[in-house]
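Structure at a glance
Below, each chain spelled out in residue letters.
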Amino acid sequence: MMFNPELAEDRKPMYRHSQSTLYKNGDNTRPISVILVSSGSRGNKLLFRYPFQRVAECTSSLAAKQRSPYALNTAGDVLEDQDGDSREQTPLTDEQLVAGFSDIILATILATKSDMCGKKFELKIDNVRFVGHPTLLQHPHIIQVSKTDPSPKREMPTMILFSVVFALRANADPSVISCMHNLSRRIAIALQHEERRCQYLTREAKLMLAVQDEITTMTETDGSPQSPFRQILPKCKLARDLKEAYDSLCTTGVVRLHINNWLEVSFCLPHKIHRTGGNHIPPEALERSLKAIRPYHALLLLDSEKALLSQLPLDCSPAMVRLIKTCSAVKNLQQLAQDADLALLQIFQIAAHLVYWGKAIIIYPLCENNVYMLSPHANICLYSPLAEQFAQQFPGHDLPSMLAKFSLPVSLAEFRNPLEAPVQEAQLIQMVVWMLQHRLLIQLHTYVCLLVPPSEDEPGLRDEDPPLAARVGGRSLSTPSALSFGSPTSSDDMTLTSPSMDNSSAELLPGGDSPLNKRMTETLLASLSEHERQVILNIPAAQSPEDLRMFARLLHYFRGHHHLEEIMYNENMRRSQLKTLFDKFRSVLVVTNHEDPIISIFQSPME
Amino acid sequence: MGMTSRIECIFFSEFHPTLGPKITYQVPEEYISRELFDTVQVYIITKPELQNKLITVTAMGKKLIGCPVCIEHKKYSRNALLFNLGLVCDAQTKTCALEPIVKKLSGYLTTLELESGFISNEESKQKLLPIMSTLLEELNATGACTLPIDESNTIHLKLIEQRKDPQIVQEYDVPVFTQSKDHFIKSQWDLTTQQILSYIDGFRHIQKISAEADVELNLVRIANSFYLVLIVGCVFLPSLQYSNVYCTTPKVQSLIDDKSIQEECLTYVTKQGQKRASLRDVFQLYCGLTPGTTVRDLCSRYSQQLQRVDERRLIQFGLMKSLIRRLQKYPVKVIRDERSRPPRLYTGCHSYDEICCKTGMSYKELDERLENDPNIIVCWK
């Protein structure tokens, strides 16, 4: 049988050490450089760049550099490879990539024309990608000149536009590029505001250029090369802010600046924050997941309540504080709303915000029927830092032994030992919470699918009925709300409509064999094919009208996309009721257990 | 040629001695507006520092890819000839595959100019226009273009889709052909590949092939990685044994939702010469794979469903489409005794597979050895 080889390439080897991917990912999510340019009456200027070029290398060892065919030349001559092969033979380090661009050329290419302002700027040169958001400061003719003033017009250098540009490796993930653009835009908005208010940017630019001029004159006189940007740092707050942004992006992925000690710019790079097993969770997957939050989910904080509260800014919303104080791993979002006295909508918003910033994850609330298993990405190494942390947190217990207990799917109820003191049980719950926080466990849910045995008397190539999933369309049960959720770092507000409660099917009708009920059952079964209907009706359990009615009512859940707990929540049914029903109709149902793909991305992001 | 790299326009821009940077030719005509060119000209006809670099700029919903050339010589007015032959695409297009083409074209034109003054001569320069037209047409249609320029020069261009890096292959991976290997004439291959070809049966792992074919392991690995994946169509899967344990992933539902995967699956897993397996049977089999259940267990529990299904192909398909995943055993020596040596292999970092391969023990031997050791616990994941 022939395969489509492209599809097969999607498979990733199960236990390949992902070190090379880790390295690559780490490389591609961090910027190479941050550059501030401006354009105005003094022409195009590069105001600041970080990291600094190693100037000594650039000038004195230029001759040495020219020997190597792989080095970027700064003198402008064209160095051609012997065979005219223009491919990069050795990967240049990040610094070399951008260091090769002189200040002047950067000023020329990054300070764009005014008609490129207000939009995303993207420029790729060989292996470097520059991304920014050029921003117009003022219309060139706004400068007021008093007509009655007889004195000659003083030449006031004016800035027309500026741009905060990030240089990345060209093969950075498009979502990373998008995020960097976002940050550039946010900083630009703050700078534009401060410029209008008190000419902050102009002042800082003046300082920067003054230092640059100073250093240039010094270099001309003593001939010892220095980096002007190093001297700018102690004098300019803006330069320090930009350096901080760069450093933060390279380390934690969380940026927090106070432009002019006044306006706050905060930003997080999800690729750095949401990492599990060496891979990052793509922002789109994150957003999909957040759109699918249901009231029966729970929010699990990843830090202690105290630590989290101390990280919040002074002017944060009191609702957030209340939520953090009230939330718990055993409480679902609906209960949380009641306890914190907040609207469910608000809870959803704040929860999504916390998740996006890597401060919390979505789980199914802890209860004794939950079944957990080791995550395929769990680090079970004896010497891992996690093992150490666990031993410190829970003296007398070791992580591998605990993890071994979850080798096979096990429900929390199975740990219950009536002879043990209740404090043991409490500790177990704490350990499970710890393991969930550290992405060591996945939760398994039961999913059901309707598959009727095919009839025997069909000739040769039968045209199989399209499965139920394809036929029972229309009812969207998976999302409760239209969560229009761009990245919260964009200026769009998260608009949420309230989770619709009309997901449950027909109201509980009075029991009995009333004609109304009968008709209802018939209607519900109408979406099935004749053959399927026959088979179902022949099942002994179908003779009981109540059972049949329940079956028909839940039919649309049997597509393999709704787990047991969701059905329980939506239909207000007990677990035992459902399990009995499944058992009665097992000849047409196939049951399987696996993780909930929507929220499992927090535990095992590899798709 | 997919829509992914559609070229909207090809342009030839140069620095005119009196008019400055301009677009001399473009096909189709008038595609690049005056406004657009004004905005991006600094990236097209550039300062010397940016020569010979591949520059892609996005503006006004378009992406322009070019490689500026500067040839210095006294004979040119202003002592230099500056030009750039570039492509224009929609801003959303993925243009990586086009970059080598732009680079090549810039190289060709440079050569032509140096050899025969192709560009600086007004008459021969006009030949560019039909060349650009043909390029645009053929590259969009077939992704390749061969153009004779004059008696001694021909341009050969081909769009090559970017390939992912070949996967790292481990000793205990099993090569499985995704196309019938009879399709390929053996003699075309190098000796090593020919030697190992017959040992690839979809069930022997690389170390075994290496031993039986008497070919050194590294060579086998290299041969496997490059030739087979890129040319023949072959994937590498972990080895299959009846003691293996698998479990379903959420993707197993795609067997129900996606008709094409269904078709592919049922055709692949049906036993030779049997009536096509039913979806229900196959789905039940996959769902029967649970933690704690070996393939052997599956076979005894679901013998009825397996009448028409080849269980080995079932597992293979499931792995290839990520419908199921393998659960591995990881022994961990929970240290009790301070004086004993720290574990080297039983740290939780090495699976049974790896340990067996490294030490030469069989699964059963390893099992027996570890079961008797009270200090060792086993994690499955």
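Residues numbered from 1 in each chain as written. Chains lettered and ligands numbered in written order. Predicted model: local features only at pLDDT ≥ 70, side-chain atom pairs only at ≥ 80, totals over all residues. Heavy atoms only, no water.

Let us look at the overall build of chain A. For chain A, the count of helices and strands is 25 helices and 17 strands. Put simply, 73% of the contacts in chain A that link residues at least 6 apart link residues at least 24 apart. Carbon and sulfur atoms make up 53% of the accessible area of chain A, which amounts to about 29300 Å² in all. (Helix = DSSP H or I, 4+ residues; strand = E, 2+ residues; numbered from the N terminus. Contact = heavy atoms within 4.5 Å. Areas by Shrake-Rupley, 256 points an atom, 1.4 Å probe, with all protein chains shown as cover.)

Bringing the overall build of chain B into the picture now. Broken down by element type, chain B carries 14 helices and 14 strands. The burial tally for chain B puts 55% of its 381 residues in the buried class. Long-range contacts, defined as pairs at least 24 residues apart, comprise 61% of the intrachain contacts of chain B with a sequence gap of at least 6. When the accessible surface of chain B is summed, it comes to about 17900 Å², and 50% of that surface belongs to carbon and sulfur atoms. (Buried < 20%, exposed > 50% of the residue type's maximum accessible area, 1.4 Å probe, protein only.)

Our focus in this paragraph is the pairing of strand E8 (residues 153–158) of chain B. All names here are of chain B. A one-sided burial pattern is seen for E8, the buried positions being Asn 153, Ile 155 and Leu 157 and the unburied ones Thr 154, His 156 and Lys 158. Bridge count for strand E7 (residues 144–150) against E8 is six bridges, and the pairing is antiparallel. From the neighbouring strand, Asp 150 faces E8, where its bridge partner is Asn 153. Hairpin connection from E7 to E8: two residues lie between these consecutive antiparallel strands. (Pairing = 2+ DSSP bridges.)

Residues and elements named next belong to chain B. For Arg 308, the position within the fold is in the loop between helix H11 (295–301) and helix H12 (311–320). Notably, Arg 308 is buried but unbridged: the nearest opposite-charge side chain belongs to Asp 281, and the N-O separation is 4.4 Å. Here Arg 276 takes part through its backbone oxygen, which lies 2.9 Å from a polar atom of the side chain of Arg 308. For Arg 308, the residues in contact, after removing those within four places along its chain, are Val 269, Thr 270, Lys 271, Gln 274, Lys 275, Arg 276, Ala 277 and Asp 281. (Lys, Arg positive; Asp, Glu negative; His and termini not counted. Salt bridge = Lys/Arg side-chain N within 4 Å of Asp/Glu carboxyl O. Polar contact = N/O pair within 3.5 Å; in protein donor to acceptor, adjacent residues only side chain to side chain.)

For the structure on display, the rule yields one disulfide over all chains. Residue A:Cys381 pairs covalently with B:Cys349 via a disulfide, S to S 2.1 Å. Here the S-S torsion is close to -80°, and the disulfide linking A:Cys381 with B:Cys349 is therefore left-handed. Here B:Cys349 lies in the loop between strand E13 (329–333) and helix H13 (352–359) and A:Cys381 lies in the loop between strand E13 (371–374) and helix H17 (385–393), a pairing that spans two chains. (Disulfide = S-S within 2.5 Å.)

It is worth spelling out the nonpolar core at this point. Counting 86 residues, the largest nonpolar core has A:Phe48 and A:Phe130 as the members making the most contacts within it. For this core, the element with the highest residue contribution is helix H7 (residues 174–198) of chain A, accounting for 10 residues. With residues up to four places along the chain from it excluded, the contact list for A:Phe130 reads A:Ile35, A:Phe101, A:Leu106, A:Ile109, A:Leu110, A:Phe121, A:Glu122, A:Leu123, A:Ile125, A:Val165, A:Phe166 and A:Ala167. Listed in part, the 37 residues of the second largest apolar core include B:Ile71, B:Phe83, B:Leu105 and B:Leu139. (Core = buried A, V, L, I, M, F, W, Y, C linked by side-chain atoms within 4.5 Å.)

With 88% of its residues at a pLDDT of 70 or more, chain B shows a mean pLDDT of 84. Our summary of model confidence lists the complex with pTM equal to 0.70 and ipTM equal to 0.71. (pLDDT = per-residue confidence, 0-100.)

Opposite charge on two side chains permits pairing when their charged atoms draw close. Residue and element names in this part refer to chain A. Taken as a whole and judged by the stated rule, the model has 27 salt bridges over all chains. For Lys 120, the salt bridge goes to Glu 122, with nearest N and O atoms at 3.4 Å. Among the salt bridges present, the one from Arg 129 reaches Glu 122, with a minimum N-O distance of 2.7 Å. Just as Arg 129 is buried, Glu 122 falls in that class too. It is possible to trace a salt-bridge network through shared partners that takes in Lys 120, Glu 122 and Arg 129.

Right, let's talk about the packing of aromatic side chains for a bit. Following the criterion strictly, the structure yields 17 aromatic pairs over all chains and no others. Both rings, one in A:Phe121 and one in B:Tyr43, keep their centres 6.4 Å apart while their planes meet at 40°; by these two values the pair is tilted. Taken together, the positions of A:Phe121 in strand E3 (residues 121–125) and B:Tyr43 in helix H1 (residues 34–44) put the pair across two chains. Of the two residues, A:Phe121 and B:Tyr43, both sit in the buried class. Ring plane angle 40° and centroid distance 6.0 Å describe the contact between B:Tyr268 and B:Phe317, whose orientation is recorded as tilted. Placement of B:Tyr268 in helix H9 (residues 259–269) and of B:Phe317 in helix H12 is noted, with a sequence separation of 49 residues between them. The class for B:Phe317 is buried, based on a relative accessible area of 0%. Members of the aromatic cluster, connected to one another through ring pairs, are A:Phe551, A:Phe558, A:Phe582 and A:Phe585. (Phe/Tyr/Trp six-rings, centres within 6.5 Å; stacked < 30°, edge-to-face > 60°.)

Next up on the list: the environment of A:Asp596. Residue and element names in this part refer to chain A. Here Asp 596 shows up in the segment after strand E17 (589–595). Separated by 152 residues in sequence, Asp 596 and Leu 444 place their C-alpha atoms 7.0 Å apart. With residues up to four places along the chain from it excluded, the contact list for Asp 596 reads His 297, Gln 443, His 445, Tyr 447 and His 563.

Right, let's get into the environment of A:His181. All names here are of chain A. Counting through the fold element by element, His 181 comes out in helix H7. Relative accessible area serves as the criterion here: at 13%, His 181 is assigned to the buried category. Considering only alpha carbons, one finds His 181 and Gly 132, 49 residues apart in sequence, at a separation of 5.3 Å. Once you skip the residues sitting within four places of it in the chain, His 181 turns out to touch Lys 119, Lys 120, Val 131, Gly 132 and His 133.

All names here are of chain B. The geometry of H9 relative to helix H10 (residues 279–288) is characterised by a closest axis approach of 11 Å and an angle of 85° between their N-to-C directions. Judged by the inter-axis angle, H9 sits roughly perpendicular to H10. Contact residues: H9 offers Gln 262, Cys 265, Leu 266 and Val 269, while H10 offers Leu 279, Val 282 and Tyr 286. Across the contact of H9 with H10, the residue classes tally to six nonpolar, one polar and no charged. (Axes fitted to C-alpha atoms, helices over the stretch in contact; angles between N-to-C directions. Parallel < 35°, antiparallel > 145°, perpendicular 65-115°, else oblique. Nonpolar A, V, L, I, M, F, W, Y, C, P; charged D, E, K, R; others polar.)

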